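Secondary and tertiary structure notes
Read off the chains here:
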Amino acid sequence: MKKDTVNNILAIGAELVLKKGYNNVGIQEILDTAAIPKGSFYYYFKSKEDFGLQLIKYHSEHSISVLESYLDDTSLNHRERILVFFRKMRDMHEKNEFKEGCLLGNCSLELSDQSEILRTSIASGLELWDESFETCIAEGQRAHVIKNEKTAKDMASFIISGWEGALLRMKSSRSSKYINVYIEFLDEYIL
């Protein structure tokens, strides 16, 4: 029961943080949206920073699950899996009118200079993404469907860094232009 309530608060918190930013979302707004009494927040979380840590962990686990559903799709080769994932993410961002971006990327920009514990949590979440892509890329290299001039680890790191940059440009331009350029370069030159 407690875990379900915490997950509900975190899911609602993730939506609010994606829309407004971590510092622009107050505890009261989270509780009002989740229909939880104010005193209950401190039953579930020690502080807003603890909420932030749990939010980053919750989002990281959820997003990795979504990512791996694409990267483990055996109906496609490894290269196609990666490209389909980014095309689906582009479509989702278009549907959301380019307003949200990536929770980890957004929080990285907003919080990395404010809290060391949140910074390291965000970095760990992004590392999980690197590891998932690294596994898929290495398998694709062994199957000769992904280029092997660079290590799978370096390629994964570059792919995540490029994606986060494309999302930043997407948000500021309110356009899929930069995501499309990213996917095109990923397809033609990287993979």
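In what follows, the accompanying structure is described. (Residues numbered from 1 in each chain as written. Predicted model: local features only at pLDDT ≥ 70, side-chain atom pairs only at ≥ 80, totals over all residues. Heavy atoms only, no water.)

Some thoughts on the nonpolar core
With 58 residues, the main nonpolar core has F51, I82, F86, F133 and I137 as its most contacted residues. In terms of residue count, helix α8 (residues 152-173) provides more of this core than any other element does, nine residues in total. Residues within four places of F51 in sequence aside, it is in contact with I9, L10, G13, Y22, I30, F41 and F45. (Core = buried A, V, L, I, M, F, W, Y, C linked by side-chain atoms within 4.5 Å. Buried < 20%, exposed > 50% of the residue type's maximum accessible area, 1.4 Å probe, protein only. Helix = DSSP H or I, 4+ residues; strand = E, 2+ residues; numbered from the N terminus. Contact = heavy atoms within 4.5 Å.)

Some words on the packing of helix α5 (residues 78-95) against α8
Between α5 and α8, whose axes approach to 12 Å, the crossing angle comes to 20°. For the element pair α5 / α8, the angle class is roughly parallel. Where α5 crosses over α8, the two elements pack in a sense that is right-handed. Counting all contacts with α5, which are made through F86, M89, R90 and H93, the residues of α8 involved are I159, W163, L167 and M170. (Axes fitted to C-alpha atoms, helices over the stretch in contact; angles between N-to-C directions. Parallel < 35°, antiparallel > 145°, perpendicular 65-115°, else oblique. Left-handed = near helix turned anticlockwise from the far one by under 90°.)

What about the environment of I82?
Mapped onto the fold, I82 is located in helix α5. Placed 101 residues apart in sequence, I82 and I183 show a C-alpha to C-alpha distance of 9.7 Å. Excluding residues within four positions of it along the chain, I82 makes contact with L71, F133, C136, I137, I146, L186 and L191.

Observations concerning the pattern of salt bridges
In total, this model carries six salt bridges according to the counting rule given. Between E29 and K20 there is a salt bridge, with its nearest N and O atoms 2.6 Å apart. In this structure E29 comes out as partly exposed when scored by relative accessible area, which is 24%. By relative accessible area, which is 40% here, K20 ends up partly exposed. Ionic pairing is found between K57 and E61, a salt bridge with its closest N-O pair at 3.2 Å. Taken together, the residues K57 and E61, both in helix α4 (residues 48-71) and four residues apart, mark about one turn of the helix. Under the relative-accessibility criterion, E61 is labelled partly exposed at 46%. (Salt bridge = Lys/Arg side-chain N within 4 Å of Asp/Glu carboxyl O.)

In short, geometric facts, not functional conclusions.
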